[in-house]
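# Fold and contact review
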Amino acid sequence: MILEELKDKRIAVLLSGGVDSSVVVYELARLGLHPDCFYIKIGPEEEEEWDCSSEEDLEMATAVAARYGCRLEVIDCHREYWSQVTRYTMEKVRAGFTPNPDVMCNRLIKFGAFDEKRGHDYDLIATGHYAQTEWIDGRKWLTTSPDPVKDQTDFLAQIYDWQLRKALFPIGHYVKDEVREIAEREHLVNARRKDSQGICFLGQIDYNEYIRRYLGEQPGDIVELETGHRIGEHKGLWFHTIGQRKGLGLGGGPWFVVKKDVEKNILYVSHGYDPETAYKTDFKIHDFHFLTTEVDAPRVTFKIRHTPEYHPATVEPLGGGAYIIHSDEKIHGVAPGQFCVVYDEAHHRCFGSGEITL
């Protein structure tokens, strides 16, 4: 949006304390705007070492808001995060799936719970995501960032259409290096701060330790898929993902995780550096969530994880929000529960995403 379109809008900025959202505030301030800033507080069920809502984050956010004369308010979404996003994650993991809590955080917290608490008072909610929006034939689309490594449309592909209508991504047209350069040029307090890594609510805690804390252990057999031979024992299916190669504790490798039998609690693996069983070309997705319109052409591109690559494919509708993806190339580590994010053939417009079913 240009200044004329923004000047009469009420804008809320989700300010995390990181460099990206801080440059968002700068971008709006240089247009003569003074948006209200909000720091969303989330954390674990217990207020202890699991809490990733660090004092440093809030200090950084406070400094940036003050620098540009913006009001900052802390919004506590602690309960909503743990009752919605964490529940989703634990249910999926327990069922043997590979969930993506960061995807659901955008839908349920940043554009969800926040909107219920304060965002409903604003016309637009601005974030530091590397994504863009574009009006095409009278419809607002989620479109990709020019930075293929940082593009975050895959994390936004499950937000609702009304959330997309309120979304504003002021740095989405930049690549990461340009954002860093702006932050250093403007002497922002967090200009050289490292990007956050991993799942938000874990902080520095290892993911497997987190899973062990809430789901415990459930030992079972590790079986070679091709021979049916038992070759080891796992401590719980939820500690492993399809396509995993490291951390299996098996000799004579490499070994790839290729399948889970949740009912029998068996982890199936294949041997070799590049086993055929680690790949798929055709897979089903269900409950496809459309951002703007349904897929309007058989030729598409897609991704199943946060990588710079887009894979060409044809999409076959099955009805009821289900599709079969026919990939032009073999895809490694396709796992049930992952989101398959679908784009147009030029990987510009994002149609949305659906959950993979095998």
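Look up a bit, the structure's there.
Structural notes, computed from the coordinates. The model shown is predicted, which means the values in this text are computed figures rather than measured ones.

### Side note on unusual backbone geometry
Among all residues except glycine, the phi angle is most often negative; among peptide bonds, the trans geometry is most common. At the junction of Gly 253 and Pro 254, the peptide bond is cis and its omega measures out at 10° in the coordinates. Along the polypeptide, Pro 254 turns up in the loop between strand 9 (230-234) and strand 10 (255-261). Of note, the phi angle at Asn 265 is positive, near 60°, even though the residue is not glycine. With respect to the helices and strands, Asn 265 occurs in the loop between strand 10 and strand 11 (266-271). The class of Asn 265 is buried, set by a relative accessible area of 12%.

### A word on the nonpolar core
In terms of nonpolar packing, the biggest core is built from 43 residues, with Ile 109, Phe 114, Leu 142 and Ile 211 touching the most fellow members. Counting residues per element, the ones that place at least two in this core are strand 1 (11-14), strand 2 (36-41), helix 4 (78-94), helix 5 (101-117), helix 6 (153-156), helix 9 (207-215) and strand 16 (339-343). For Leu 142, the contacting residues outside a window of four places in its chain are Ala 131, Gln 132, Thr 153, Leu 156, Ala 157, Leu 164, Phe 169, Leu 291, His 348, Arg 349 and Cys 350. Counting 30 residues, the second-largest nonpolar core is a separate cluster that includes Val 23, Cys 70, Ile 171 and Val 179.

### A look at helix 5
Within an α-helix, residues lying three or four positions from one another point in the same direction, as the helix has 3.6 residues per turn. For helix 5, with 17 residues, the first-to-last C-alpha span of 21 Å runs short of the 24 Å given by 1.5 Å per residue. Taking the largest bend as the criterion, helix 5 deviates by roughly 25°, centred on Ile 109. Along helix 5, 13 of the 17 residues are buried, which leaves the element largely enclosed by surrounding structure.

### Concerning the sheet that holds strand 3 (residues 72-76)
Strand order in the open sheet formed by five strands is 3-2-1-4-7, and the pairing between neighbours is parallel. Each having just a single partner strand, strand 3 and strand 7 (167-168) make up the two edges of the open sheet. Pairing geometry for strand 1 and strand 2, over three bridges, is parallel. Counterpart to Ala 12 in the pairing with strand 2 is Asp 36. This element, helix 2 (residues 19-29), spans strand 1, strand 2, strand 4 (124-126) and strand 7 of the sheet and lies at about 155° to strand 1.

Conventions adopted
Residues numbered from 1 in each chain as written. Predicted model: local features only at pLDDT ≥ 70, side-chain atom pairs only at ≥ 80, totals over all residues. Heavy atoms only, no water. Helix = DSSP H or I, 4+ residues; strand = E, 2+ residues; numbered from the N terminus. Buried < 20%, exposed > 50% of the residue type's maximum accessible area, 1.4 Å probe, protein only. Core = buried A, V, L, I, M, F, W, Y, C linked by side-chain atoms within 4.5 Å. Contact = heavy atoms within 4.5 Å. Expected span 1.5 Å × (residues − 1). Bend = angle between axes of the 7 residues up to and from the residue. Pairing = 2+ DSSP bridges. Axes fitted to C-alpha atoms, helices over the stretch in contact; angles between N-to-C directions.

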